[in-house]
Amino acid sequence: ETVLKSEDCIVDIRSSHEERELMEAVFSPEHLTLRGNAEWALGIVTGNNARFVLDSPDVEAEPLWLGKDLYRFVAGKPAKYIRFQPEAFQQVAPTWKYRAVEKLVYRFISNELIFAYDDKQTLVLNSANVLIPRLEGYSIKSVLAFLNSQLFQFVFRRRFQAIKVLKGDVEKMPFPRISTVVDQELSRLVDVILRELIDLKEDGSF
C-alpha cells in the first residue's frame, strides 16, 4: 500500500516495518512541499576555473563557496575567491538570487541534506546550489531547521537513495503544517545555533 501511494513507486526492501510505518506517518498527513514554493539557482559554472577562481582575495575578488565549504546551518571559511563577471561565465543564475537578503545554500554532491544559511549575499560555485523558500507559514530559518533535521535525513536517504541533492527530490520533502508559535520557536532555536557556530568559525574551529 505504501508503495502504491508513492508517486515514484520506490520502496527500500532493507527498511524495517517500523521504518516503513515512520515513512507512512510522515507522508500521509496533509503537508506542504517546496514545489512551486521556492526559487532555485545553480551555482556558477565559470567555464575556466583556472582563470576565474582564485586561491586568495584581491581588491576586486569576493568570497566564493564550494560545496565542501558548507556544513549544516553555516558555511566554513571560503576556500576560494572570484571576480564576479557574469557575462564572462559559462553559466550563471540571475544575480538577484545570489544577492538575496536571505538564502539557503546546499551541497549538490552529497547523499545527505546539508543546508547552510546565508545573509551576506555570498556567491557559490556549481558544487553548491541556492534555495530561497517561500513556504506558507514558514520562515526561511524554520525551513532550514527541517532540512537539516534527523527526520529529513532519514526520509531523504530512504526515499531517494541518491548521491546528489536534486531539486526535484528536495521539492518532494514533506513539511508539516505548523503554527505561528512553532515557526517562531524554530527560528529562535536556529538563531541560537547560528550564533554558536559562527563563534566557533571565528575561533578557527572549522
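We now turn to the structure provided with this report. Per-chain numbering applies: the sequence of each chain, read as written, is numbered from 1 onward. Owing to the predicted nature of the model, reporting of local features is limited to residues with pLDDT of at least 70; listing and counting of side-chain atom pairs is limited to 80 or more, with chain, interface and lining totals taken over all residues. Excluded from the side-chain calculation are hydrogens and water; included are all heavy atoms of the structure.

With respect to the sheet that holds strand S5 (residues 80-82)
Cut-off, in case you're wondering: Each pair of strands is called paired provided DSSP finds at least two bridges between the two strands. Secondary structure elements follow DSSP: runs of H or I of four or more residues count as helices, runs of E of two or more count as strands, with numbering from the N terminus.
The sheet built from four strands is open, its strands ordered S3-S5-S4-S8 with mixed pairing. The sheet is open, and its two edges are formed by strand S3 (53-54) and strand S8 (123-124), each paired on a single side. Strand direction decides the pairing type here: strand S4 (residues 62-65) and S5, joined by three bridges, are antiparallel. Each bridged residue has a counterpart across the sheet, and for Glu62 the counterpart in S5 is Ile82.

Section: unusual backbone geometry
Positive phi values are uncommon outside glycine, yet Phe73 reaches one of about 85 degrees. Within the secondary structure, Phe73 sits in the loop between S4 and S5. Here the phi dihedral of Gln161 falls at roughly 45 degrees; this positive angle occurs in a residue that is not glycine. Along the polypeptide, Gln161 turns up in the loop between helix H6 (150-160) and helix H7 (167-170).

Some points on the environment of Arg177
This is how it is decided: Contacts are residue-level and defined by heavy atoms, with any inter-residue pair within 4.5 Å sufficient. Contacts described as polar in this section are N or O atom pairs within 3.5 Å, which, within protein, must combine one atom able to donate a hydrogen with one able to accept it, while residues neighboring in sequence count only if both atoms come from side chains.
Along the chain, Arg177 turns up in the loop between strand S10 (175-176) and helix H8 (180-202). Through-space distance from the C-alpha of Arg177 to that of Ile193 is 23 Å; in sequence the pair is 16 residues apart. For Arg177, the contacting residues outside a window of four places in its chain are Glu30, Leu32 and Glu136. Reaching out from Arg177, the side chain makes a polar contact with the side chain of Glu30 at a distance of 3.0 Å.

A few points about the pairing of strand S7 (residues 115-118)
Side chains on a regular strand alternate between the two faces of the sheet. Note the following rule: When a residue's accessible area, from a 1.4 Å probe over protein chains only, is under 20% of the maximum for its type it is buried; when over 50% it is exposed; and in between it is partly exposed.
Residues of S7 alternate between two faces, with Phe115 and Tyr117 on one and Ala116 and Asp118 on the opposite face, all of them buried. Across four bridges, the pairing between strand S6 (residues 103-107) and S7 is antiparallel. The residue of S7 that forms the bridge with Val105 is Ala116.

Quick word on the sheet that holds strand S9 (residues 128-133)
Short version of the rule: Angles run from 0 to 180 degrees between N-to-C directions of axes, and those axes are lines fitted to C-alpha atoms, restricted for helices to the stretch in contact.
One open sheet accounts for four strands, arranged S2-S9-S6-S7; its pairing is antiparallel. Where the open sheet ends on each side, the last strands, each with one partner, are strand S2 (38-42) and S7. Strand-to-strand twist across the sheet, computed as the mean angle between neighbouring axes with direction ignored, equals 25 degrees.

Side note on H8
Just so we agree on the cut-off: Multiplying one less than the number of residues by 1.5 Å gives the expected span of a helix.
Its 23 residues give H8 an end-to-end C-alpha distance of 33 Å, which sits within 8% of 33 Å, the value for a rise of 1.5 Å per residue. Along its buried surface, H8 packs onto S7 and helix H5 (140-147).

Details of the packing of helix H2 (residues 17-27) against H6
Threshold: Convention used here: angles under 35 degrees read as roughly parallel, angles over 145 as roughly antiparallel, angles from 65 to 115 as roughly perpendicular, and any remaining angle as oblique. In this count, Pro and Cys sit with the nonpolar residues alongside Ala, Val, Leu, Ile, Met, Phe, Trp and Tyr, while Asp, Glu, Lys and Arg are called charged and the others, Gly among them, polar.
Where H2 contacts H6, the two axes come as close as 11 Å, and the packing angle between them is 110 degrees. What the angle tells us is that H2 and H6 run roughly perpendicular. Contacts from Glu19, Leu22, Met23, Val26 and Phe27 in H2 reach Leu151, Phe154, Val155, Arg158 and Arg159 in H6. Its residues assigned to classes, the contact of H2 with H6 comprises seven nonpolar, no polar and three charged.

Points about a negative patch on the surface
Let me state the cut-off plainly: Residues with no salt bridge and a relative accessible area higher than 30% make up the patches, which join like charges within 9 Å and nonpolar side chains (Val, Leu, Ile, Met, Phe, Trp, Tyr) within 5 Å. Values of accessible area rely on a 1.4 Å probe in the Shrake-Rupley scheme; residue burial ignores everything except the protein chains shown. Each salt bridge in this description consists of a side-chain nitrogen of Lys or Arg and a carboxyl oxygen of Asp or Glu lying within 4 Å of one another. The convention is simple: Lys and Arg are positive, Asp and Glu are negative, and His and the chain ends are not counted. Charge placement uses NZ in Lys and CZ in Arg. For Asp and Glu, CG and CD serve respectively.
Among the surface-exposed residues, Glu196, Asp199, Glu202 and Asp203 lie close enough to one another that they form a single negatively charged patch. When you line up the elements, Asp203 lands in the segment after H8.

Side note on the pattern of salt bridges
Applying the stated criterion to the full structure yields twelve salt bridges. Close ionic contact of Arg158 with Glu19 constitutes a salt bridge, the shortest N to O distance being 3.1 Å. Here Arg158, found in helix H6, pairs with Glu19, found in helix H2; they are 139 residues apart in sequence, far enough to count as distant. The class for Glu19 is partly exposed, based on a relative accessible area of 22%. Glu185 serves as the salt-bridge partner of Arg188, at 2.7 Å between the closest nitrogen and oxygen. Placement of the pair is Arg188 and Glu185 together in helix H8, with a separation of three residues, close to one helical turn. Shared partners join several salt bridges into a network, and the residues in it are Glu30, Glu136 and Arg177.

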